[in-house]
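What follows is each chain in one-letter form.
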Amino acid sequence: MARNSENNVFYGVDRVTVIIYILLVIMGWLNIYAAVYNEEHQSIFDTSQKYGKQLIWIGGAAVIAFIILIIDANFYTAFAYGLYAFLLLANVLVVFFGREIKGSKSWFGLGGFGIQPAEFMKFAANLALAKFLSNQNIIVNQQFRLKLRDLLQNYKNTLYALFFIMAPLLIIKILQDETGLAIVFVAFIIVLYREGLSVNFLIFGLLAALLFVVALVVTQISSVLITLGVIAFSSFLFIRRSRRNFIMVSLVYALAAGVVLGTNYVYNHLEPHQKIRIDVLLGRGTVNLKKEGYNVNQAKIAIGSGGFLGKGYLQGTQTKYDFVPEQDTDFIFCTVGEEWGFAGSTLVIMLELFLILRLIFLAERQRSDFSRIYGYGVAVVLFFHLAVNVGMTIGLMPVIGIPLPFFSYGGSSLWSFTILLFIFIKLDANRLLILR
Amino acid sequence: MNNNIQLGERKFIIGGFFFLVALIYICRLFYIQIVDDRYLLAAQNNALRRQTEYPVRGFIFDRNGKLLVYNEPSYDLMVIPRETKGCDTLSLCDVLQITKAEYLKRMKRACQAPNSPRKQSVFEKQMSAATYAALQEKIYRFKGFFVQKRTVRKYPRPIAAHLLGYVGEVSKEKAEKDPYYHEGDYIGITGIERSYEEALRGQKGVQIALTDVHNRTIGRYMDGRYDTLAISGKPLYCTIDMTLQEYGEKLMQGKKGAVVALEPSTGEILALISSPGYDPNLLVGGKERARNFTVLYHDSTLPLFNRALQAMYPPGSTFKLIDALIAQHDGVIGRHTSFPCARGYPPMGGKPKCHPHAPVDLVGSVAQSCNSYYSYVFREITDQKKYPKFIDGYNHWRDMVMTFGPGTHLGTDLPYDKPGNVPSVEYYNKVFGKNGWRSNTIVSLGIGQAELLLVPLQMANVVATIANKGYYYVPHCIKGVGSEKTVDPKFKQKHFVGVQNPECYTNVIDGMQLCFDGGTAYAERIPGIVACGKTGTAENPHGKSHAVFMAFAPRDNPKIVIACLVENAGWGGVWSAPVVSLMMEKYLTGKVTRQAEEKRIMAADLIHGKNLLSTEFH
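Counting from 1, residues in each chain are numbered in the order their sequence is written. The order in which chains are written sets their letters, starting at A; the order in which ligands are written sets their numbers, starting at 1. A pLDDT threshold of at least 70 governs which residues receive local features in this predicted model, and a stricter bar of 80 or more applies before side-chain atom pairs are shown or counted, although totals over entire chains, interfaces and linings include all residues. To obtain the side-chain values, all non-hydrogen atoms of the structure were included, while hydrogens and water were left out.

A.B. asks: In this structure, what is going on with the confidence of the model for chain B? I would like to understand it.
C.D. replies: All names here are of chain B. Scored from 0 to 100, pLDDT reflects the predictor's confidence in each residue. Mean pLDDT over chain B stands at 85; residues scoring 70 or higher make up 92%. For residues 614-618, every residue scores under 50 in pLDDT, and the model assigns this stretch four contacts once sequence neighbours within four places are set aside. For this predicted complex, the interface confidence comes out at an ipTM of 0.86, alongside a pTM of 0.57. Should any heavy atoms of two residues lie within 4.5 Å, those residues are considered in contact.

A.B. asks: Explain the packing of aromatic side chains to me, please; I cannot follow it from the model alone.
C.D. replies: Both the distance between ring centres and the angle between the ring planes are used here to describe each pair of aromatic rings. Residue and element names in this part refer to chain B. Centre distance within 6.5 Å is the pairing criterion for rings of Phe, Tyr and Trp, where only the six-membered ring of Trp is used; planes under 30 degrees apart are then read as stacked, over 60 as edge-to-face, and the remainder as tilted. Here the structure, examined in full by the defined rule, presents 45 aromatic pairs over all chains. Ring centres of Phe390 and Tyr394 lie 6.4 Å apart, and the angle between their planes is 40°; this geometry places the pair in the tilted category. Remark: Tyr394 and Phe390 occur in helix α17 (residues 390-403); sequence separation between them is four residues, near one turn of the helix. With respect to class, Phe390 is no different from Tyr394; both count as buried. Ring centres of Tyr471 and Tyr473 lie 5.9 Å apart, and the angle between their planes is 90°; on these two criteria the pair is classed as edge-to-face. Of the two residues examined, Tyr471 and Tyr473, each falls in the buried class. Numbering of helices and strands runs from the N terminus, with a helix taken as a DSSP run of H or I at least four residues long and a strand as a DSSP run of E at least two residues long. Type-normalised accessible area, obtained with a 1.4 Å probe on protein chains alone, sets the label of each residue: buried when under 20%, exposed when over 50%, and partly exposed for intermediate values.

A.B. asks: Would you take a moment to explain the side chain of A:Thr418 for this structure?
C.D. replies: All names here are of chain A. Topologically, Thr418 is positioned in helix α19 (residues 411-429). Whenever a nitrogen or oxygen atom comes within 3.5 Å of another N or O atom, the pair is scored as a polar contact, on the condition that within protein one atom can donate a hydrogen and the other can accept it, and that pairs from neighbouring residues in sequence are kept only if both atoms are in side chains. There is a polar contact of 2.9 Å between the side chain of Thr418 and the side chain of Tyr21. Within the structure, the side chain of Thr418 is placed 2.6 Å from the backbone oxygen of Leu414, a separation counted as a polar contact. Leaving out residues up to four positions away in the same chain, Thr418 has contacts with Tyr21, Ala61, Ala65, Ile68 and Phe406.

A.B. asks: Looking at this structure, I do not really get helix α2 (residues 10-35) of chain B. What am I missing?
C.D. replies: Given 3.6 residues per helical turn, the α-helix brings residues three or four places apart onto the same face. Between its first and last C-alpha atoms α2(B) spans 36 Å; for 26 residues at 1.5 Å apiece the expected length is 38 Å, and the two agree. Among all positions in α2(B), only B:Arg10, B:Ile14, B:Gly15, B:Phe18, B:Val21, B:Ala22, B:Tyr25, B:Ile26, B:Leu29, B:Ile32 and B:Gln33 are buried. Helix span is expected to be 1.5 Å times the residue number reduced by one.

A.B. asks: What is the right way to look at unusual backbone geometry in this model?
C.D. replies: One can expect most non-glycine residues to show negative phi and most peptide bonds to be in trans. Residue and element names in this part refer to chain B. The omega torsion of the bond from Ser275 to Pro276 falls at -5°, within 30 degrees of zero and hence cis. By the element assignment, Pro276 lies in the loop between β12 (268-275) and α12 (287-298). A cis amide bond links Ala553 to the next residue, Pro554, at an omega of -15°. You can see Pro554 is positioned in the loop between β17 (543-553) and β18 (560-566).

A.B. asks: How do you make sense of a nonpolar patch on the surface when you look at a structure like this?
C.D. replies: Each patch is assembled from residues with relative accessible area greater than 30% and no salt bridge, linking like charges that lie within 9 Å and nonpolar side chains (Val, Leu, Ile, Met, Phe, Trp, Tyr) that lie within 5 Å. In these tables, accessible area is a Shrake-Rupley quantity obtained with a 1.4 Å probe, and a residue counts as shielded only by the protein chains included in the view. Should a side-chain nitrogen of Lys or Arg be within 4 Å of a carboxyl oxygen of Asp or Glu, the pair is scored as a salt bridge. Taken together, the side chains of A:Phe308, A:Leu309, B:Phe30, B:Tyr31, B:Ile34 and B:Val35 present a nonpolar region at the surface, about 580 Å² in accessible area. Counting through the fold element by element, A:Leu309 comes out in the loop between α15 (294-304) and α16 (317-320).

A.B. asks: Would you take a moment to explain the packing of helix α2 (residues 15-36) of chain A against helix α17 (residues 332-364) of chain A for this structure?
C.D. replies: All names here are of chain A. Axes here mean lines fitted to C-alpha atoms, for a helix over just the part in contact, with angles spanning 0 to 180 degrees between N-to-C directions. The geometry of α2 relative to α17 is characterised by a closest axis approach of 10 Å and an angle of 160° between their N-to-C directions. The pairing of α2 with α17 is recorded here as roughly antiparallel in orientation. The crossing of α2 and α17 is left-handed. In this classification, Asp, Glu, Lys and Arg are treated as charged, Ala, Val, Leu, Ile, Met, Phe, Trp, Tyr, Cys and Pro as nonpolar, and every other residue, Gly included, as polar. Here the contact of α2 with α17 is built from residues that sort into 18 nonpolar, three polar and three charged. When describing relative orientation, an angle under 35 degrees is termed roughly parallel and one over 145 degrees roughly antiparallel, while 65 to 115 degrees is termed roughly perpendicular and anything else oblique. Take the far helix as your reference; a near helix turned counterclockwise from it by less than a right angle gives a left-handed crossing, and one turned clockwise gives a right-handed crossing.

A.B. asks: Please explain the sheet that holds β12(B) as it appears in this structure.
C.D. replies: Pairing between the strands of a sheet is mediated by backbone hydrogen bonds and can be parallel or antiparallel. All names here are of chain B. Strands are labelled as partners when DSSP assigns at least two bridges between them. On the basis of which strands lie adjacent, the open sheet formed by five strands has the order β12-β11-β18-β17-β16 and antiparallel pairing. Every interior strand has two partners, whereas the edge strands, β12 and β16 (532-540), have only one. Each adjacent strand pair in this sheet contributes to an overall mean axis angle of 10°, direction not counted. With six bridges connecting them, strand β11 (residues 257-263) and β18 associate as antiparallel partners. Note on β18: the bridge partner recorded for Gly257 is Val566. Of the strands in this sheet, β11, β12 and β18 touch helix α11 (residues 242-251), which is tilted by about 25° from β12.

A.B. asks: Would you take a moment to explain the pairing of strand β3 (residues 67-79) of chain B for this structure?
C.D. replies: Along a regular strand, successive side chains alternate from one face of the sheet to the other. Residues and elements named next belong to chain B. Pairing of strand β2 (residues 60-61) with β3, which is carried by two bridges, proceeds in the antiparallel orientation. Directly across from Phe61, in β3, lies its bridge partner Leu67. The hairpin turn running from β2 into β3, its antiparallel successor, is five residues long, and Gly65 in that turn takes a positive phi close to 85°. One ladder, built from 10 bridges, connects β3 with strand β5 (residues 145-154); its direction is antiparallel. Its bridge partner lying in β5, Val79 is registered against Phe145. As defined by bridge partners, β3 adjoins strand β4 (residues 121-127) across four bridges and the pair is classed as antiparallel. Looking across to β4, one finds that Val79 is bridged to Ser121.

A.B. asks: Hey, could you run me through the pattern of salt bridges in this one?
C.D. replies: Opposite charge on two side chains permits them to pair, given that their charged atoms come into close proximity. On inspection of all chains with the given rule, the structure shows 31 salt bridges over all chains. Here B:Asp76 ties to B:Arg150 by a salt bridge, and the two come within 2.9 Å at their closest N and O atoms. Taken together, the residues span a long stretch of sequence, with B:Asp76 in strand β3 and B:Arg150 in strand β5 at a distance of 74 residues. Per residue, the accessibility class of B:Asp76 equals that of B:Arg150, and both read buried. Salt-bridge contacts for B:Arg307 lead to B:Glu567; the nearest nitrogen and oxygen are separated by 2.9 Å. Within this pair, whereas B:Arg307 is found in helix α13 (residues 307-310), its partner B:Glu567 is found in the loop between β18 and α21 (572-589), the two being separated by 260 residues in sequence. Through salt bridges with shared partners, a single network forms among A:Arg194, A:Glu195, A:Glu364, A:Asp369 and A:Arg372.

A.B. asks: When you look at the environment of B:Arg379 in this model, what are you seeing that I'm missing?
C.D. replies: All names here are of chain B. Tracing the sequence through the fold places Arg379 in helix α16 (residues 371-382). The class of Arg379 is partly exposed, set by a relative accessible area of 22%. For the pair formed by Arg379 and Trp397, sequence separation is 18 residues and the distance between their alpha carbons is 9.9 Å. With residues up to four places along the chain from it excluded, the contact list for Arg379 reads Tyr345, Ser439, Asn440 and Val443.

A.B. asks: What am I meant to see in the nonpolar core here?
C.D. replies: One recurring pattern in soluble globular proteins: nonpolar side chains tend to sit buried together. A:Tyr374 and A:Phe406 are the most contacted members of the largest nonpolar core, which totals 128 residues. Here this core gets 16 residues from one element, more than from any other, and that element is helix α18 (residues 369-393) of chain A. In this text, buried Ala, Val, Leu, Ile, Met, Phe, Trp, Tyr and Cys residues form a nonpolar core when linked through side-chain atoms within 4.5 Å. If you look at the next biggest cluster of nonpolar residues, it comprises 95 residues, including B:Leu410, B:Val443, B:Ile478 and B:Val481.

A.B. asks: Looking at this structure, I do not really get the packing of α17(A) against α19(A). What am I missing?
C.D. replies: Two quantities define a packed helix pair, namely the angle between the helix axes and the distance between the axes. Residue and element names in this part refer to chain A. Viewed as axis vectors pointing N to C, α17 and α19 meet at an angle of 35°, and their least axial separation amounts to 10 Å. The handedness of the crossing between α17 and α19 is left-handed. Counting all contacts with α17, which are made through Leu359, Leu362 and Ala363, the residues of α19 involved are Leu421, Phe424 and Asp428. Classifying every residue of the contact of α17 with α19 gives five nonpolar, no polar and one charged.

A.B. asks: Sorry if this is basic, but what is going on with the environment of A:Arg367 here?
C.D. replies: All names here are of chain A. Within the fold, Arg367 resides in the loop between α17 and α18. The spatial distance from the C-alpha of Arg367 to the C-alpha of Ile434 is 6.5 Å, given a sequence separation of 67 residues. Contact partners of Arg367, with chain neighbours within four places excluded, come to Arg431, Leu432 and Ile434.

The following block contains the structure:
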């Protein structure tokens, strides 16, 4: 048995996860074929077309997955910081040496193909974060101290952890101007929460977002009233914690007022296309469906016209006639919705969700903190992509250009998700080891 | 450790949160995909209007490049019932001159299957130019309505209706089966319009227009990136000679029957006449088309019936030519063979009957059309010693006959042709019982009577085969499709019949020439042209015999063959031979010298028994 476990690369690999992964990749490929489908290139293996290229990417992903399983699990802990630093550097260098595609310099050209280092930043950041957090005895402070000195002292580790998240976020956002790739790193906050970050941070974060939206949607007077309502609610929440009562309420009040008053300022300083995306999402003002509202409206039409069982494979009219832009990458879910209907789109969401929940389950059974934290990192990154990607096609999220994991066309995203996932599968296969 | 166990509870919060988000998304999907049909409707309209641009149907030219068929623009008023909210109904009724009740009736029809409130359907077909102009001024007040430009067929000369066929609305079944067609589209129903539909129709184009809520077009979607231009239908180059066709139709007026003229060296149909015909201009357009169609449909002379392809007639004596050829081929007769004739076929007590004539050899038998001679010939063929069983002899005769075309679909490019009939052994076994029939039982087959039936096109094809001495090209009416003038290669292929010895043909052709020079068609000689012909008088159960005549000319290097049949006109030499002879003269020389004969034929109304010249030609 022992010999067997040493020699067999697949020993201990979680089959359920791998099967779902394969299912999603195949479904994605078939849907890319449907989205790009045209009469002239009917062969699904035609490498001049995107579905043919995707097949090459899939083959590459299989090789990558295999290599990851071969490499010793200790490699990932040993080189966590190294990889992080290397990719951070690559993300800076790409701005100077990269190839310009669609107005942003985030691609390294490799012959006919391109590689986006920002995609690979995800797993490196996840590794580094897991390494950092697993090396702390008390990982993240969960107390909510109010003295500034105490606060800083107790949140030192939290701030360090935040650095690992914020550095790639800022580099990708500011230097590369890739909002979609950058904003993903926000998802790691959930990992920090799992490792002890106070729930208040999350509540305050959500409240701020809510107030921002409310302030944009309703009139000034109403927003003042709602703010008062929020204050009353939070007062009620903290009323029993007598000692901090007053300060807590004051803090919430300040935050709420700040958000409401600051909303217009923030909004006015957004870039025009971002303003429009928010307007579209919230139905603010008169949205012209022929122009700025076009994407989302067409996406909703494509999905909405699918009905219960859809129009049938390759029968989608909205996607086939290019009504939906980016239908093979960020809007691939439209093809699913239109051709496979409610049944198919629900299946895709359920599969992705099942994978994510499976990852949480696997993460929780790890003996080493490193593996657990890394596993959570994979789960939250996948979830963030799923939520934003599907959310924007059905009008619940603003349009942010991020792919649907394993589904969307693109080598960089498929490979980065594969690396992200399979490192964890490897860690899980060696879950009896203590990794630091 | 304790701390970690506490924090471990957070997996439920995180997992629950993920699950909740997924659930919200699925609910949202359920709402937009199933509950709310707004998006489904939007997918069809897409705030865009897909307006079909109908291609111009291909023109049809005759063999000399003269225009046979062209198009005229017409305007249909279309409606999408769902979008008519706020339409100025009263003023629309006023423009169209219909009542409110009629408006509601049409609206109801537009909403019911196979139409749908969401789909466009025709509200008023082919409006007059005046109506169109009046409507165009006010179209902004008629929400949900728009004008669809189409074309209708137009014929410069009112001829060749059966050959050209007509265009009509596509049937429901066809529209469901073929994705190219939508309810209300036009399609070729008969004739060339049907068989060359795919070439003629062209390719529909689509213009995607952005429309505002007031039903006004505000621009082209994506600057026309997804628009497709309509591609006009291909022109067709017909083998018909317009002059000959028109002349033949004039000769055939007042007579029931058919004329088919072929060019034997190519199989091209020079004229295809079914009489009585109709003016093809009657069957275009909307309301009038329906009215005219009903009138034509109920006419007792069956003007819509294409006799040239679909009427199966006994060929009568013209069939003797085939017998003569087969008998020579089998070696049972020669040029100088003669048989007794006693005003009839002696072995059967003078039946079939014959007319008085001098004793004849093979050549004379053709010229004089001796019934007795061909009764002998038929039995000589079927009762040959090499066939110990009679049915083998009969089958041999039948097989040989069928190589000339009778009893088969020739494979022409016109739809709905009938195969005719050469009775089978099984058929006679059923009628007379097995072994209950011999060659004498069915001897009238030998003179082209009994159950033997041919359509006029097959008759013409038989003559073409004789003119070519042993082969034919499948008769066809299109010699070029599109500007590149492609033609189906099957029309370039020679079909060889069972008799190949040129001497057999020479003997028969000698007889056919004698038919003009001193036989049954002596009165119809064409000055300066050596023509070869054969008369026939086809007895039939519908009254007086059909007059049949088939001929080709000139004898050397034949340019034209014609088969003509006039129903219930009596002896072939009197009515059919003149038609054939005059048409040949017209085609070969460009003019007609025998004006009295021409006048006599044109004037005769055999259907109503009156002189047409006194009424129509002043």
